[in-house]
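Structural description and commentary
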Amino acid sequence: QNPPGLPSIAVAWVACLFWGSKLIVDWHNYGYSVMALRHGRSHPLVQIAKWYEKLSGRLAHYNLCVTNAMKEDLWVNCGIKAVTLYDKPAAYFKETPLELQHHLFLKLAVDYEAFKPCAESVSSCAERSAFTEVDVKSGCLVKPRGRPALLISSTSWTEDEDFSVLLKALEAYERYIHEGAELPSLVCVITGKGPLKDYYNRLINKLHFKHVQICTPWLEAEDYPLLLGSADLGVCLHKSSSGLDLPMKVVDMFGCCLPVCAIYFECLHELVKQDENGLIFRDWNELAEQLKMLFLGFPTLEGKLHSFRENLRVSRQLRWDESWDQTVLPLLEQNE
């Protein structure tokens, strides 16, 4: 898989010569474009990496890529013929049943204040989180109407995602509530770890919200898909370094039937269909307006947020193994 392809593609090619095997390169992005985020596109190391990737790609017997835009770019600029294999979610990315949601929220409430119930409502329920409760009288597990909305984003906290966009949008959302908009309180969960996490945590700690809570947990592997399947809306701030790959986090969110607001880049339309499974924004102000529109009257079963989720349910995406069998196996079989 490229990246990282330096020096692994060359090493794999030599190994294939030795063993008489065939080399497949799965292009998820360009390594040189990732390097350029830090060093600039004109840096000698970036130019060497670009030359290396073009050359090594031509050595492969088969090339796969994640978008049609990348397929075209590989052919036009590198002379590499590739087959588009879109990323698909694993089978465990799916909507989370209410009972599992409740157990997850109670588990997270042990360490994160945002998942704990309001103090004044604790006495009326046998067991309660910020989003779910077991009613004392009926014993039924429900999501109370006055609950906050759950917004989720995931990141590796690197330079290709500017989280100040989300923070500014949340400031505007808080202002909308102060101005009288009928919006729910918001819990914003940003998962992941990486080099810029401490920097953004310092910015978050300077914010003083009354109606918005932000937490940045590092989740256990099995809890991440459960949280995606429990959320109300996903936000993606991934900007492709090449403009030619698609964010895997959105693929996983769609697997959980979770609508998404995603920041614009050139080939994003191959995944996020505007006004069908989500919305595309270009700046914090546009994101803030989208949050206001989607959460107005929450948690109503009407409006765009609900229709996006229904569209995702109806569309039933292929899963990863199904996509591989449909796209890659015929390619290999016809060349046997």
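Residues numbered from 1 in each chain as written. Predicted model: local features only at pLDDT ≥ 70, side-chain atom pairs only at ≥ 80, totals over all residues. Heavy atoms only, no water.

An unreviewed UniProt entry annotates the protein chain as Chitobiosyldiphosphodolichol beta-mannosyltransferase of Geococcyx californianus. Under the Pathway (unreviewed entry) heading, UniProt states for the protein chain: "Protein modification; protein glycosylation." Under Sequence similarities (unreviewed entry), UniProt gives the following word-for-word description of the protein chain: "Belongs to the glycosyltransferase group 1 family. Glycosyltransferase 33 subfamily." (UniProt positions renumbered as here; feature names shortened; annotations may be inferred.)

Things to note about the overall build of the protein chain
What the protein chain contains, in helices and strands, is 12 helices and 12 strands. On C-alpha atoms alone, the protein chain measures out to a radius of gyration of 22 Å, which is about the 20 Å that the 2.2 N^0.38 rule sets for 336 residues. Counting over 336 residues, the protein chain shows a buried share of 51%. Summarising the internal contacts of the protein chain: among those between residues at least 6 apart in sequence, 69% fall at separations of at least 24. For the protein chain, the computed accessible surface area is about 16900 Å², with 55% contributed by carbon and sulfur atoms. For the protein chain, the separation between the mean place of its 34 positive charges and that of its 42 negative charges on side chains is 3 Å. (Helix = DSSP H or I, 4+ residues; strand = E, 2+ residues; numbered from the N terminus. Rg over C-alpha atoms; globule rule 2.2 N^0.38 Å. Buried < 20%, exposed > 50% of the residue type's maximum accessible area, 1.4 Å probe, protein only. Contact = heavy atoms within 4.5 Å. Areas by Shrake-Rupley, 256 points an atom, 1.4 Å probe, with all protein chains shown as cover. Lys, Arg positive; Asp, Glu negative; His and termini not counted. Charge placed at Lys NZ, Arg CZ, Asp CG, Glu CD.)

Section: the domain arrangement of the protein chain
Domain annotation of the protein chain identifies domain 1 (7-85) and domain 2 (149-315). Computed over C-alpha atoms only, the centres of domain 1 and domain 2 are separated by 31 Å. Across the contact, 14 residues belong to domain 1 and 10 residues belong to domain 2. Summing the contributions of domain 1 and of domain 2, the shared interface buries around 940 Å²; its carbon and sulfur component is 56%. There are zero salt bridges connecting domain 1 and domain 2. Here domain 1 is connected to domain 2 by seven residue pairs in polar contact (both at pLDDT 80 or more). Those elements giving two or more residues to the side of domain 1 that touches domain 2 turn out to be α2 (31-39) and α4 (68-78). (Domains from an automatic or database assignment. Buried area = accessible area lost by both parts, 1.4 Å probe. Salt bridge = Lys/Arg side-chain N within 4 Å of Asp/Glu carboxyl O. Polar contact = N/O pair within 3.5 Å; in protein donor to acceptor, adjacent residues only side chain to side chain.)

Notes on the sheet that holds strand β3 (residues 83-84)
Read from one edge to the other, the open sheet built from three strands follows the order β1-β2-β3, with strand pairing classed as parallel. In this open sheet, the two strands that pair with only one neighbour each are β1 (24-27) and β3. The pairing of β1 with strand β2 (residues 62-65) spans four bridges and is parallel. Bridge assignment links Val25 to a residue of β2, and that residue is Asn63. (Pairing = 2+ DSSP bridges.)

Some points on the packing of helix α6 (residues 164-178) against helix α10 (residues 284-295)
The contact between α6 and α10 brings their axes to 8 Å, and the two run at 50°. Classified by the angle between their axes, α6 and α10 sit oblique to one another. Remark: the crossing between α6 and α10 carries right-handed chirality. In contact with Val165, Leu166, Lys168, Ala169, Leu170, Ala172, Tyr173 and Tyr176 of α6, α10 contributes Trp284, Leu287, Ala288, Glu289, Leu291, Lys292 and Phe295. Residue classes in the contact of α6 with α10 are distributed as 12 nonpolar, no polar and three charged. (Axes fitted to C-alpha atoms, helices over the stretch in contact; angles between N-to-C directions. Parallel < 35°, antiparallel > 145°, perpendicular 65-115°, else oblique. Left-handed = near helix turned anticlockwise from the far one by under 90°. Nonpolar A, V, L, I, M, F, W, Y, C, P; charged D, E, K, R; others polar.)

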